[in-house]
Amino acid sequence: MTCNGCRLSVEKALNSIEGIEAVVSLDPPIATLLMKDHIPLAQLQETLSTAGKYSISMESSAHTILETPNVPPIKSCCSSNKLQDKPAVILHDNTPGKYYCPMHCEGEKVYDKPGDCPVCGMDLVKEAALTNTKTMYTCPMHPEVVQEGPGSCPICGMDLVAMEPSESEDQKTYKDLVNKMKIAVVFTFPIFIIAMSDMISNNPLMKIMDASKWNWVQLILSLPVVFYACWMFFIRAYKSIITGNLNMFTLIGIGTGVAFLFSLVGMFIPDIFPNEFKTHNGTVSLYFEATTVILTLVLLGQLLEARAHSQTSGAIKELLKLAPTEATLVIDGGDKVISIHDIKKGDLLRVKPGDKIPVDGKITDGESTIDESMISGEPIPVDKKIEDSVIAGTINGNKSFVMIAEKVGSETLLSQIVKMVNDASRSRAPIQKLADSIAKYFVPIVVIVSVVTFFVWAKFGPEPAMVYGFINAIAVLIIACPCALGLATPMSVMVGVGKGAQSGVLIKNAEALENMNKVNVLITDKTGTITEGKPSVEKVFSLNNDDDSLLQSIASLNQYSEHPLAQAVVNFAKAKKVSLIEVKDFEAISGKGVTGTVTNKKVALGNKKLMEQVSATVSAELENQIIAEQKLGKTVSYISVDRITVGFVSITDAIKATSVEAIKELIRQGVEVIMLTGDNENTAKAVAQELHLSSYKAGCLPEDKLKEIKRLQAEGKIVAMAGDGINDAPALAQADIGIAMGTGTDVAIESAKITLVKGDLLGIVKAKNLSHAVMRNIKQNLFFAFFYNVLGIPIAAGVLYPFFGVLLSPMIAALAMSFSSVSVIVNALRLRSLKL
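1. A short note on the nonpolar core
Core analysis: the biggest nonpolar cluster contains 135 residues, and Ile739, Ile754 and Ile764 have the highest contact counts within it. Here this core gets 14 residues from one element, more than from any other, and that element is helix H24 (residues 762-797). Excluding residues within four positions of it along the chain, Ile754 makes contact with Val505, Leu506, Ile507, Ala512, Met516, Ile737, Gly738, Ile739, Ala740 and Ala767. Within the second largest apolar cluster, 23 residues are counted, among which are Ala555, Leu565, Leu605 and Val641.

The structure is reproduced here in structure tokens:
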């Protein structure tokens, strides 16, 4: 492996093998593998070979097998492919050495050092750091004292003050270009004045000295422009030619290089040129002004691009600003200010009025109102009390509380959002293949057009024909801009993904962003998706009038399950001060319910399919009562003891206030909304009627949802699936677009391509609107890039001259070329003001 891009390729390839969790380091080049079962080295090598010329070997001294100790049963209603309880490995994404091409010429490849892309020649862009760097503190009296975190100076005792953050990479690049631009302008302007003085009657400059001496002045003034301020363009052009990766700088290098060399030869050995290239004075026309003005204008374009590029990644930078640098640790009965990087899981932290929440956790003491708009996109503050979760980066209201840290560093939701936005910004949308295909042949075609232009003008043009041919050939080379084509898609994707994150819509990759615009069917779960996902028990009914005893049995059984309905039963029991007892042989049956042995009796709690599975009989009297509850929209779970159904639990889960509005808007946009729920027919029908759904299916197991999605896809439908539970993960993975509720499980979020932070169906409307706006923006950029080149190249070649006498100066061509790329970026930046 030679770079971080190699490391990412190797890590991705190894993780594609089922049953493996791989973490790869570059220096030393080691892959640490965590696997359920032994996988032969030959299989690892075979997989790596598909990713590139990589080889993997295992030394006996490095071969370590860690035995997994016995662990209690996983509290889940179905198994997952993810390894449980794996050791956390935190990769520091803010380490230096991640530079990438803004046009993504080599996909996800990144470089260790700044420079230019070997394919397109553009300046590599530094990735935004995924975590804030530690704040360093120094003494105002003794600057040699520097430490992490606040404190007092060991020399004079003064309070240490935070040091200013170091200048970012993009700021350095921009400042470097500004300095070069100043030099280019200072030396180009007098050259331009000298060249244009011929247009002034009684040329005053000729009274000072003759033309040959002014030519020497132009040559001397052009040297700093060509060999310092803009020399990088010639280096990039040379690299592009020897590597065969022809690009924009190939055209600029050839065009200006030929003009400069022509001028040098014209000065020193003018006699080798035919008379067509000479003026009435017998001297050769020189093009120092064209060379320097063109290079200066191209440099101006690069300067404007650098400034615009820093704005396209603004969403990531704004997200990073949300994280505070310090926190207040509650320790030994007092408060201590510490760096956010020093927070550990389990620490108690005090959050004061107006403070930012430092990490993810739960409130242990106090209550407050918290502004979560920066994460969820919703402006209404949320009331929080003891046991409620709080999110890093959100802002506390006017009360103080104590919280316990549960997720720190890269585990926090904010860190995950930043990473997802960063990864998605660098992914490639399918529509980009069109631009890539054209760009591959673009430069060679332009060079051919330029050569043809010269010979056509030399043969058929007016005198001096060869001069006309030479100037127009250079104009063709200069005006063509493959950069505008290459930037059209990635710039829109980067800004769009950032805009989505600021509105609570997290998009995993550019493909998902593009396909969301095509979705015409939405499959949605009920609990936690359409409904609040906060079910509460209304009553426990027992045929034997032993409600408390039955409640104790089912609550004890449900203490091992993570399902929202199970948690509702446990909470109901705790509220009634019912103690929980030991359960044996616990089993969670996906899509049906749970079973186990309580006080030597086989207890089952779940839907009717579970009763059939355990062969439990249901009396007509009980069935009628259950149906009556279901028709009211309640979720009902049957209770059986030793294969006899003895009662039921009636649970209510309110429909989210926004679900009606969201579904109405999606149907208006032509999206068919179908609810697939594991709940019974009566409850499902009541919810479907209230929401005016397109259709619904009740009693669905996870495999039923999967089959329904496959059936719709076979009909040519583009299917999105919204869900929040572990049992939704297979369907989320199968759908064209999997949409996870941010309030749901980690497995569901991992399986999805879009995550809605707030867990609200209105987020799907936002995602669809965002996708539509981004695709429209991309098409505008592509149209502009195509139209610009289709129109500009023929005009530069001189097609208008026979009809209107119009020719395009190479200097005007350079100005147009520079602004073409900038205009694409500026158009993409309009997405930042989009209202979702």
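The structure having been displayed, the exposition proceeds.
2. Let's talk about the packing of aromatic side chains
Under the definition given, this model contains 17 aromatic pairs. Among the aromatic residues, ring-to-ring pairing joins Phe227, Trp231, Phe234, Phe260 and Phe288 into one connected group. Geometry around Tyr228 places Lys180 over its ring, the cationic atom sitting 5.9 Å from the centre. Sitting over the ring of Phe460, Lys459 keeps its end group 5.8 Å from the ring centre.

3. Some thoughts on the side chain of Asn515
Inspection of the secondary structure puts Asn515 in helix H14 (residues 510-515). Ignoring any residue separated from it by four or fewer positions in sequence, one finds Asn515 in contact with Ile718 and Ile737.

4. Points about helix H21 (residues 702-714)
Along an α-helix, a turn takes 3.6 residues, which lines up residues three or four apart on a common side. Look at H21: 19 Å from first C-alpha to last across 13 residues, which is about the 18 Å you get at 1.5 Å a residue. Looking only at H21, the buried set comprises Pro702, Lys705, Glu708, Ile709 and Leu712. Buried residues of H21 fall within an arc of 125° about the axis and therefore sit on the same side. Looking at H21, the residues exposed on the side facing more than 90 degrees away from the buried face are Lys707 and Ala714. Looking one or two residues beyond H21, the residue adopting positive phi is Gly716, at roughly 90°.

5. Notes on the pattern of salt bridges
In this structure the tally under the stated criterion is 19 salt bridges. Note that Asp116 and Arg236 form a salt bridge whose closest N and O atoms lie 3.6 Å from each other. With Asp116 in the loop between strand E3 (99-100) and strand E4 (125-126) and Arg236 in helix H5 (residues 231-243), the pair connects residues that are 120 residues apart, well separated along the chain. Among the salt bridges present, the one from Lys345 reaches Glu411, with a minimum N-O distance of 3.2 Å. Here the residue Lys345 occupies a position in the loop between strand E9 (334-339) and strand E10 (348-351), and Glu411 occupies one in the loop between strand E16 (401-407) and helix H10 (413-425), the gap between them amounting to 66 residues. On the basis of relative accessibility, which here comes to 52%, the residue Lys345 falls in the exposed class. One salt-bridge network, in which partners are shared between bridges, spans Lys697, Glu708, Arg711 and Glu715.

6. Some remarks on unusual backbone geometry
Cis geometry is adopted by the peptide bond preceding Pro464, which originates at Glu463 and carries an omega value of -10°. Mapped onto the elements, Pro464 comes out in the loop between helix H11 (432-460) and helix H12 (465-479). For Asp585, which is not a glycine, the phi torsion comes out positive at approximately 55°. Within the secondary structure layout, Asp585 lies in strand E20 (residues 583-589). Residue classification places Asp585 among the exposed positions, given a relative accessible area of 58%. Unlike most non-glycine residues, Asp642 shows phi in positive territory, near 50°. By the element assignment, Asp642 lies in the loop between strand E23 (635-641) and strand E24 (644-652). Under the relative-accessibility criterion, Asp642 is labelled partly exposed at 41%.

7. Some points on H5
Taking 1.5 Å as the rise per residue, H5 with 13 residues should run 18 Å; its terminal C-alpha atoms sit 19 Å apart, in good agreement. Buried within H5 are the following residues: Met232, Phe233, Phe234, Arg236, Ala237 and Ser240. One or two steps after H5, the chain reaches Gly244, where phi turns positive at roughly 80°.

Quick notes on the rules
- Residues numbered from 1 in each chain as written.
- Predicted model: local features only at pLDDT ≥ 70, side-chain atom pairs only at ≥ 80, totals over all residues.
- Heavy atoms only, no water.
- Core = buried A, V, L, I, M, F, W, Y, C linked by side-chain atoms within 4.5 Å.
- Buried < 20%, exposed > 50% of the residue type's maximum accessible area, 1.4 Å probe, protein only.
- Helix = DSSP H or I, 4+ residues; strand = E, 2+ residues; numbered from the N terminus.
- Contact = heavy atoms within 4.5 Å.
- Phe/Tyr/Trp six-rings, centres within 6.5 Å; stacked < 30°, edge-to-face > 60°.
- Lys NZ or Arg CZ within 6 Å of the ring centre and 35° of its normal.
- Expected span 1.5 Å × (residues − 1).
- Arc of directions from axis to C-beta.
- Salt bridge = Lys/Arg side-chain N within 4 Å of Asp/Glu carboxyl O.

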